[in-house]
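Descriptive analysis of the structure
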Amino acid sequence: MADTLTIRLSPKDRETLQELARARGLGVSALVRDLAEAEARRVRRSAIRAEGERIVAYLAEHPEAREEIESYGIPAGEPR
């Protein structure tokens, strides 16, 4: 089971989230959990993309690294 997280919200923010939760047929806790999980996934994916961009930049600057990667060939099942 996940750890509990306690947050404080202004009455205006809580009311906004309660209205959204009601519209989605959820409780406020479920709504906030869904929103937080979606943001955590977005942050993780963004970090993965950034790492990929660093690798591509490195390969562009270092021909010997690019040659080594190319020496592995195209994986079976990949389009050529």
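Just above, that's the structure.
Note on numbering: residues in each chain are counted from 1, in written sequence order. Restriction of local features to residues with pLDDT of at least 70 applies here, the model being predicted, together with a cutoff of 80 or more for giving and counting side-chain atom pairs; totals for whole chains, interfaces and linings are based on all residues. Calculated side-chain values reflect all of the structure's heavy atoms, with hydrogen atoms and water omitted.

Three- or four-residue spacings in an α-helix give side chains the same orientation, since the helix completes a turn every 3.6 residues. Only DSSP runs of H or I covering at least 4 residues are called helices, and only runs of E covering at least 2 are called strands; the numbering of each starts at the N terminus. Take the number of residues in a helix, subtract one, and multiply by 1.5 Å to get its expected span. Taking 1.5 Å per residue, 14 residues should reach 20 Å; helix α1 (residues 11-24) reaches 20 Å between its end C-alpha atoms and fits that length. Just downstream of α1 lies Gly-25, where phi reads positive at about 70°.

Further remarks concern a positive patch on the surface. A cluster of basic residues, Arg-41, Arg-44, Arg-45 and Arg-49, forms a positive patch at the surface. Mapped onto the secondary structure, Arg-44 falls in helix α2 (residues 28-61). Like-charged residues are merged into a patch within 9 Å and nonpolar side chains (Val, Leu, Ile, Met, Phe, Trp, Tyr) within 5 Å, provided each residue has over 30% relative accessible area and no salt bridge. Here the Shrake-Rupley method, with its probe set to 1.4 Å, supplies the accessible areas, and only the displayed protein chains count as covering residues. A pairing counts as a salt bridge when a side-chain nitrogen of Lys or Arg comes within 4 Å of a carboxyl oxygen of Asp or Glu. Positive charges are assigned to Lys and Arg, negative charges to Asp and Glu, while His and the chain termini are left out of the count. The location of each charge is read from NZ of Lys, CZ of Arg, CG of Asp or CD of Glu.

Let us now look at the layout of surface pockets. We place a 1 Å grid over just the protein atoms. Points where a 1.4 Å probe fits but has no way out form a cavity, open points with protein on both sides within 12 Å along at least 5 of 7 lines form a pocket, and any residue with an atom within 4 Å of a point lines it. Grid points are joined across faces, edges and corners, and a volume is the space filled by probe spheres set on the points. Quantified by volume, the largest pocket comes out at close to 460 Å³. Side-chain classes are defined by residue name, with Ala, Val, Leu, Ile, Met, Phe, Trp, Tyr, Cys and Pro counting as nonpolar, Asp, Glu, Lys and Arg as charged, and the others, Gly among them, as polar. When grouped by side-chain class, the residues that make up the lining of the largest pocket number 7 nonpolar, 3 polar and 4 charged.

Next up on the list: the environment of Glu-67. Within the fold, Glu-67 resides in helix α3 (residues 63-71). Separated by 62 residues in the primary sequence, Glu-67 and Leu-5 have C-alpha atoms spaced 48 Å apart.

Further remarks concern a nonpolar patch on the surface. Together, Leu-5, Ile-7 and Leu-9 make up an exposed nonpolar region whose accessible area comes to about 300 Å². Relative to the assigned elements, Leu-5 resides in the segment before α1.

On to the packing of α2 against α3, then. Helix axes use the C-alpha atoms of the stretch in contact, all axes being lines fitted to C-alpha atoms, and the angles between their N-to-C directions lie in the range 0 to 180 degrees. Put simply, α2 and α3 touch, their axes get as near as 5 Å, and they point 110° apart. Taken together, the axis directions place α2 and α3 in an arrangement best described as roughly perpendicular. Between α2 and α3, the residues in contact are Tyr-58, Leu-59, Ala-60 and Glu-61 and Pro-63, Ala-65, Arg-66 and Ile-69, respectively. Partitioning the contact of α2 with α3 into residue classes produces 6 nonpolar, no polar and 2 charged. An angle counts as roughly parallel when it lies under 35 degrees, as roughly antiparallel when it exceeds 145, as roughly perpendicular when it falls between 65 and 115, and as oblique in every other case. Only heavy atoms enter the contact rule, under which two residues are in contact if any of them lie within 4.5 Å.

Turning our attention to the environment of Ile-69. Secondary-structure assignment places Ile-69 in helix α3. Residue classification places Ile-69 among the partly exposed residues on the basis of a relative accessible area of 48%. Sequence separation between Ile-69 and Leu-59 is 10 residues, and the spatial gap between their C-alpha atoms is 8.8 Å. Working definition: with a 1.4 Å probe on protein chains only, accessible area under 20% of the residue-type maximum means buried, over 50% means exposed, and in between means partly exposed.

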